[in-house]
Amino acid sequence: MVADASHGTCISHPFHRVLLPTISWSEGGEARSALWRSERGSAPPKRVVLADDTLSADSAYRLACEGTGLLWCGDFQNARLLVQALARRTDKPAKVKAKKTKDQSLQPEVALPMTAAAFHLHRQAQAQRARVLGMLLIPFDADYAIPLRRAPDAKKACTQVWGAADMAAGTSVASLRELLGFISAHEWRKKGVEIAALGELPVVTHNRIHPHYAVFSPLRGEYIALVKEALIQKLQKKAIPLAFDIGTGTGVLAAVLARGGVASVVATDQDPRALVCARDNLLRLGLTSQIKLAETDLFPEGQAPLIVCNPPWLPARPGSSLERAIYDEGSSMLLGFLNRLAAHLSPAGEGWLILSDLAEHLGLRTRTELLAAIESAGLKVLSRMDAQPQHPKASDASDALHAARAAEVTSLWRLIVK
């Protein structure tokens, strides 16, 4: 029962052509195969066994840790329960052999600051967790139907990620964990995220942003509120005819700028998913005539009196393409924005850098390094506005990054040319 990725099928994807490898297994003594799908870019498991409701969680965990794929052929809802059981086993803390002294047991536990080395070890553990949970596999028919008992209709969710079904491509297999991510993203896309900075209903007809799969969702409202506050202050002094939004993502900051009084906005991104998402949101918001989208690396052509950028906050290597909105290896986007900003600012223009200091609390970047990068780019800090994060993890003491998150501050740096 061995997976075989030596052959593949080229299919259409919403954003590119992809060559999908083939995963193979044995069923009833006969060889079977299907296309392997992974938006995270994971390779198919080298060994695959059939699994159903009779498989115990302990056995499943042992096989998954060995790297064996479990192709589910039982009840779908039981597969979901099994994923939860695998997660509990993966998250179970290791037993501490050394006993605490009586005095030690009386001391309150203090969350110590995390070092860069500890953070990278944490990421390795999270990557291993993802690999284990990703070993529970689900079959799909050519039309994305799931041929399992009590399976949901996930055709729309899959179509939004994989594109229109190609009946000629045949059946496929993907991890249940990824499928649950598709379904969750589909629900967020339908519901949307209410953005207070876009205006209060019923004054405006729409104030929601609808994030697409793999596009960073604007759930952290503090950075959006900072942009709105800074914009109000600036417009009190002078009108803003044009602004650039660098790395627009869902288009939320471009929409805040346009709704807030900027006459025209050029929003850029180089991720096709983000551009499709932003276009959908701008259409919903009725801002397509005021905001122009451009597929480019950072800056569009020309200059603007206001340029806004909210780059990924953590200078670490993304584990997959889906993590690029969070991790900016070598601070590539941050430094690219700073080093090219002066050339694209109109005389007396401002660049607004929205950046969390979480990287500083994780030992990944120092404040001195950030200030040195600003200085070497020929820029100086006009002022800085700060906000405390309000998201649930900031107060979750069980989170491995709690000490850093509790101390985190999100800032809007107003930069000008020296």
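Coordinates for the structure precede this section.
Residues numbered from 1 in each chain as written. Predicted model: local features only at pLDDT ≥ 70, side-chain atom pairs only at ≥ 80, totals over all residues. Heavy atoms only, no water.

Engineer: So what exactly am I meant to see when it comes to the overall build of the protein here?
Structural biologist: In terms of helices and strands, the protein carries 13 helices and 16 strands. Across the 418 residues that make up the protein, the buried fraction comes to 48%. Relative to all contacts within the protein whose residues are 6 or more apart in sequence, the contacts with residues 24 or more apart total 68%. Working note: accessible area of the protein is about 20,800 Å², and carbon and sulfur atoms make up 53% of it. (Helix = DSSP H or I, 4+ residues; strand = E, 2+ residues; numbered from the N terminus. Buried < 20%, exposed > 50% of the residue type's maximum accessible area, 1.4 Å probe, protein only. Contact = heavy atoms within 4.5 Å. Areas by Shrake-Rupley, 256 points an atom, 1.4 Å probe, with all protein chains shown as cover.)

Engineer: For this particular structure, what's the right way to read the pairing of strand β7 (residues 172-175)?
Structural biologist: Here is the key point about a regular strand: its side chains alternate between the two faces of the sheet. The two faces of β7 match: Ser 172 and Ala 174 on one face and Val 173 and Ser 175 on the other face are all buried. Relative to β7, strand β3 (residues 30-36) runs parallel, the two sharing two bridges. Within β7, the position partnered with Trp 36 by the bridge is Val 173. Across four bridges, the pairing between strand β6 (residues 136-140) and β7 is antiparallel. The residue of β7 that forms the bridge with Phe 140 is Ser 172. (Pairing = 2+ DSSP bridges.)

Engineer: Can you walk me through helix α6 (residues 176-191) in this structure?
Structural biologist: Owing to its 3.6 residues per turn, the α-helix brings residues three or four apart onto one side. End to end, α6 covers 23 Å across 16 residues, agreeing with the expected 22 Å (1.5 Å per residue, within 8%). For α6, the set of buried residues is Leu 176, Glu 178, Leu 179, Phe 182, Ala 185 and His 186. Buried residues belonging to α6 abut α2 (76-91), β6, α5 (155-162) and β7. (Expected span 1.5 Å × (residues − 1).)

Engineer: Looking at this structure, I do not really get the side chain of Ser 356. What am I missing?
Structural biologist: Structurally, Ser 356 can be placed in strand β14 (residues 345-356). On the accessibility criterion, Ser 356 (2% relative accessible area) is buried. A distance of 2.9 Å separates a polar side-chain atom of Ser 356 from the backbone nitrogen of Leu 358. When residues no more than four places from it in sequence are discounted, the contact partners of Ser 356 are Trp 313, Arg 365, Glu 408, Val 409 and Thr 410. (Polar contact = N/O pair within 3.5 Å; in protein donor to acceptor, adjacent residues only side chain to side chain.)

Engineer: Mind showing me how you'd approach the pairing of strand β11 (residues 264-269) here?
Structural biologist: Burial analysis of β11 places five of its six residues in the buried class, the great majority of the element. With five bridges connecting them, strand β10 (residues 242-246) and β11 associate as parallel partners. Bridging from a neighbouring strand, Leu 242 pairs with Ser 264 of β11. Each parallel crossover has a hand, and for β10 linked through helix α8 (residues 252-260) to β11 it is right-handed. (Right-handed = clockwise from strand over helix to strand, strands pointing away.)

Engineer: Hey, could you run me through the pattern of salt bridges in this one?
Structural biologist: Side-chain pairing between opposite charges can occur once the charged atoms of the two side chains come close. Scanning the model with the defined rule gives 21 salt bridges in all. Close ionic contact of Glu 350 with Lys 234 constitutes a salt bridge, the shortest N to O distance being 3.2 Å. Pair noted here: Glu 350 is in strand β14 and Lys 234 is in helix α7 (residues 221-235), with a separation of 116 residues, a long-range link. The two residues Glu 350 and Lys 234 agree in class, both being buried. Three or more residues joined by partner-sharing salt bridges are found here, namely Glu 27, Glu 30 and Arg 32. (Salt bridge = Lys/Arg side-chain N within 4 Å of Asp/Glu carboxyl O.)

Engineer: How do you make sense of the packing of α2 against helix α4 (residues 116-133) when you look at a structure like this?
Structural biologist: Axes are the key here: two packed helices are described by the angle between their axes and the distance separating the axes. Contact geometry of α2 with α4 gives a least axis separation of 10 Å together with a crossing angle of 150 degrees. As far as their axial angle goes, α4 and α2 are roughly antiparallel. The handedness of the crossing between α2 and α4 comes out as right-handed. Two secondary-structure elements touch here, α2 through Val 83, Leu 86, Ala 87, Thr 90 and Asp 91 and α4 through Arg 129, Val 132 and Leu 133. (Axes fitted to C-alpha atoms, helices over the stretch in contact; angles between N-to-C directions. Parallel < 35°, antiparallel > 145°, perpendicular 65-115°, else oblique. Left-handed = near helix turned anticlockwise from the far one by under 90°.)

Engineer: Please clarify how the side chain of Asp 328 should be interpreted in this entry.
Structural biologist: Relative to the assigned elements, Asp 328 resides in the loop between β13 (304-309) and α10 (332-344). Salt bridges are absent for the buried Asp 328, whose nearest opposite-charge side chain, Arg 365, sits at 5.9 Å. The contact partners of Asp 328, leaving out residues within four places of it in the chain, are Pro 312, Leu 314, Pro 315, Ala 316, Met 333 and Leu 334. (Lys, Arg positive; Asp, Glu negative; His and termini not counted.)

Engineer: What should I look at first to understand the packing of aromatic side chains in this one?
Structural biologist: Two numbers describe a pair of aromatic rings. These are the distance of the centres and the angle of the planes. Across all of its chains, the model carries six aromatic pairs by this definition. With a centroid separation of 5.1 Å and an interplanar angle of 90 degrees, the aromatic rings of Phe 182 and Tyr 213 are classed as edge-to-face. Remark: Tyr 213 occurs in the loop between β9 (208-209) and α7 and Phe 182 occurs in helix α6; sequence separation between them is 31 residues. What makes Phe 182 buried here is its relative accessible area of 1%. Consider the rings of Phe 299 and Phe 337, whose centres lie 5.8 Å apart with planes at 5 degrees: the pair is stacked. Note that Phe 299 is positioned in the loop between β12 (291-295) and β13 and Phe 337 in helix α10, a separation of 38 residues in sequence. No difference in accessibility class separates Phe 299 from Phe 337, as the two residues are buried. An aromatic cluster of at least three residues, connected via ring pairs, comprises Phe 140, Tyr 144, Trp 162, Phe 182 and Tyr 213. For the cation-ring pair, Arg 123 lies above Tyr 327, with the distance from its terminal atom to the ring centre recorded as 3.8 Å. (Phe/Tyr/Trp six-rings, centres within 6.5 Å; stacked < 30°, edge-to-face > 60°. Lys NZ or Arg CZ within 6 Å of the ring centre and 35° of its normal.)

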